[in-house]
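Here is how the chains run, residue by residue.
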Number of protein chains: 2
Amino acid sequence: MAVSDNLLVALVQERNQGAAEANLSLIEQRVAEAAARGARLVLLQELHNAAYFCQHQNVREFEQAEAIPGPSTERLGRLAKAHGVVIVGSLFERRGAGLYHNTAVVFETDGSIAGKYRKMHIPDDPGFNEKFYFTPGDLGFHPIDTSVGRLGVLVCWDQWYPEGARLMALAGADMLLYPTAIGWDPDDDQAEKDRQRNAWILSHRGHAVANGLPVLSCNRIGHEPSPIGASGIDFWGSSHVLGPQGEILAEAGTSAPELLMAEVDMQRSEHVRRIWPFLRDRRIDAYGDLLKRYRD
Amino acid sequence: MAVSDNLLVALVQERNQGAAEANLSLIEQRVAEAAARGARLVLLQELHNAAYFCQHQNVREFEQAEAIPGPSTERLGRLAKAHGVVIVGSLFERRGAGLYHNTAVVFETDGSIAGKYRKMHIPDDPGFNEKFYFTPGDLGFHPIDTSVGRLGVLVCWDQWYPEGARLMALAGADMLLYPTAIGWDPDDDQAEKDRQRNAWILSHRGHAVANGLPVLSCNRIGHEPSPIGASGIDFWGSSHVLGPQGEILAEAGTSAPELLMAEVDMQRSEHVRRIWPFLRDRRIDAYGDLLKRYRD
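Residues numbered from 1 in each chain as written. Chains lettered and ligands numbered in written order. Predicted model: local features only at pLDDT ≥ 70, side-chain atom pairs only at ≥ 80, totals over all residues. Heavy atoms only, no water.

**Comments concerning the environment of Phe 235 of chain A**
All names here are of chain A. We apply this condition: By the criteria applied, helices consist of DSSP H or I runs no shorter than four residues and strands consist of E runs no shorter than two, each listed in order from the N terminus. Accessible area is worked out with a 1.4 Å probe on protein chains only. A residue is then buried under 20% of its type maximum, exposed over 50%, and partly exposed in between. Should any heavy atoms of two residues lie within 4.5 Å, those residues are considered in contact.
On the secondary structure map, Phe 235 appears in strand E12 (residues 233-236). A residue is classified by how much of its surface remains accessible, and Phe 235, at 2% relative accessible area, is buried. The sequence separation of Phe 235 and Thr 180 amounts to 55 residues, and the corresponding C-alpha distance is 9.9 Å. For Phe 235, the contacting residues outside a window of four places in its chain are Tyr 52, Ala 181, Ile 182, Gly 183, Arg 220, Ile 221, Gly 222, Glu 224 and Thr 254.

Put into structure tokens, the structure is as follows:
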């Protein structure tokens, strides 16, 4: 895998446009802009084709799911080829009747599908009813080889699990990438909102440090109303690009669409892991209980 | 285990005083002061009896190691009893001829030893020759029950490993505690120094978030010269107390001794883990490769 020294990456932080056609059309504009500015890797937000529909449980939402490959992967593949960029997308996958996944798809610069990752950790909280829609992934934690490096693609709720990040690092990932959809409950007070947004960024920064890897996280923004009369969600944006010591290379705001771009030094991990060689000293002889639910 | 709602904790960030007697004498003053101000738990820095002797490899340094129990544990036990506080100390343990450990010892308010933890991950870098002195711990990752809660005690280099923090959390730890000795190479430039100190704090904050636990980390400060003519180490202090969303409750400076005190809400983890129940969704069926050195 040839990994260039400096990789210009772009994250498309966007507001829901109301329908798949409008969202994909906007994504096409943003990817074109990113490519024109020199980006070679574009990360999209989680479930970018639609509103975050998991605010309620409604069987009609399954109608927007698609096979992979399918219409959206064909369109995103054409987009990747047209601009010669690697794209990481996030789709509602219909695998079979009554079997759906939250799936990230990586497109190579020739338009082909380089690989896919099915979200392994599935949340279920008020406003985030994902266990109703998504079967937990069964592809495991495997990075995807591309022309810009070996990509450790994970999805949103996975971001809270050091285990997923570590497994990607152990499989030789060159960076970690998280399409996400996370926001505030408008009823929470400002202090709690700040703690939550900060915790989310801290979790990514922690993965960067623990694994000596760059981390990219792309989140949506804007208020999306609740279909069932709850308070809705204020997606907090804050998409970011981190270096392998957890340092912030670029960070988007909390209230507006943004094409966030940053240059990632792909040789920096090699240096950082030489001065802090954490992988050398893991106590694999004493980690067995990580495979337990709880040590009680 | 009775866990009080609010626990006042104290961290003794100190400069090396040159000899065990002087260091322990200073610790006695600081613990008395902490107890007088209401602290019920006191965390000391790593290897607090001496200079950080691992800057060189010299067999004479083994002479300062002690059995556990031994003179230092007796003295610290008396101190805990005198003030009715739980103390977490850090000693150079002589277990047998040619067999030494870097061991944290927890003292109960009655002066007894509540338990000990032998540092599991051992670093070895220029200026930090710990593999010469310390056999990696063989007690595993087990929290220690005390009257102020179940303490997940880890030591310094362990701080870079999400695995250790997670194993403590899975065993029901109420908080994580890290005695540490980490500092700058004076020859590094300011940007690298900033990245390193920030990465160290980020790693602790990441553990707090991932596990929904408070984290206490106590570091030494001051320049300690190299016994072999290298540049020495500028220990960066920055001892800190974190809440279970990674929020900073208290943080010491980088250049002076400090008795850092903070009140920790011991019921907060219960709340945080209800809104973000990460332990619920761990994919223990897919974590097997965490027990591998590398997935190649």
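**Describing the sheet that holds strand E10 (residues 215-219) of chain B**
All names here are of chain B. Our working rule: Strands were regarded as paired on the criterion that DSSP finds at least two bridges between them. As a rule, the C-alpha atoms of each element are fitted with a line to give its axis, helices using only the stretch in contact, and angles between N-to-C directions run from 0 to 180 degrees.
What the 6 strands build is an open sheet, ordered E6-E7-E8-E10-E13-E14; its pairing is mixed. Looking along the sheet, the strands with just one partner apiece sit at the ends: strand E6 (144-146) and strand E14 (248-251). Put simply, the sheet's adjacent strands are angled 20° from each other on average, direction ignored. Sheet analysis places strand E13 (residues 240-242) next to E14, joined by 3 bridges and oriented antiparallel.

**Things to note about the sheet that holds strand E10 (residues 215-219) of chain A**
Residue and element names in this part refer to chain A. The strand order E6-E7-E8-E10-E13-E14 describes an open sheet built from 6 strands, whose pairing is mixed. Looking along the sheet, the strands with just one partner apiece sit at the ends: strand E6 (144-146) and strand E14 (248-251). Here the average twist between neighbouring strands, direction ignored, is 20°. Each of strand E8 (175-180), E10, strand E13 (240-242) and E14 is contacted by helix H5 (residues 190-211), which is oriented at about 30° to E13, the strand it contacts most.

**Examining the pattern of salt bridges**
Worth spelling out the cut-off: Within this document, salt bridges are pairs made up of a side-chain nitrogen of Lys or Arg and a carboxyl oxygen of Asp or Glu, the two lying within 4 Å of each other.
According to the stated counting rule, one finds 48 salt bridges over all chains in the structure shown. One salt bridge connects Arg 268 of chain B with Glu 192 of chain A, and the closest N-O pair in it is separated by 3.0 Å. With Arg 268 of chain B in helix H6 (residues 268-275) and Glu 192 of chain A in helix H5, the pair connects residues from two separate chains. Comparing Arg 268 of chain B with Glu 192 of chain A, the two get one shared label, buried.

**Examining the relation of the copies chain B and chain A**
Both copies of the chain are related by a screw-like operation: a rotation about an axis and a shift along it. What counts is decided by this rule: Superposing copies: least-squares fit, C-alpha atoms only, residues required to have pLDDT of at least 70 in both.
Of the transformation superimposing chain B on chain A, the axial component is 0.0 Å and the angular component is 180°, with the fit at an RMSD of 0.0 Å. Here the copies are linked by what is in effect a two-fold axis. Among all residues of chain B, the one whose C-alpha sits closest to the rotation axis is Gly 206 of chain B, at a distance of 2.3 Å. A share of 100% of interface residues in chain B that are also interface residues in chain A marks the association as one of identical surfaces.

Everything listed here is a matter of coordinates, which is why it stays silent on function.
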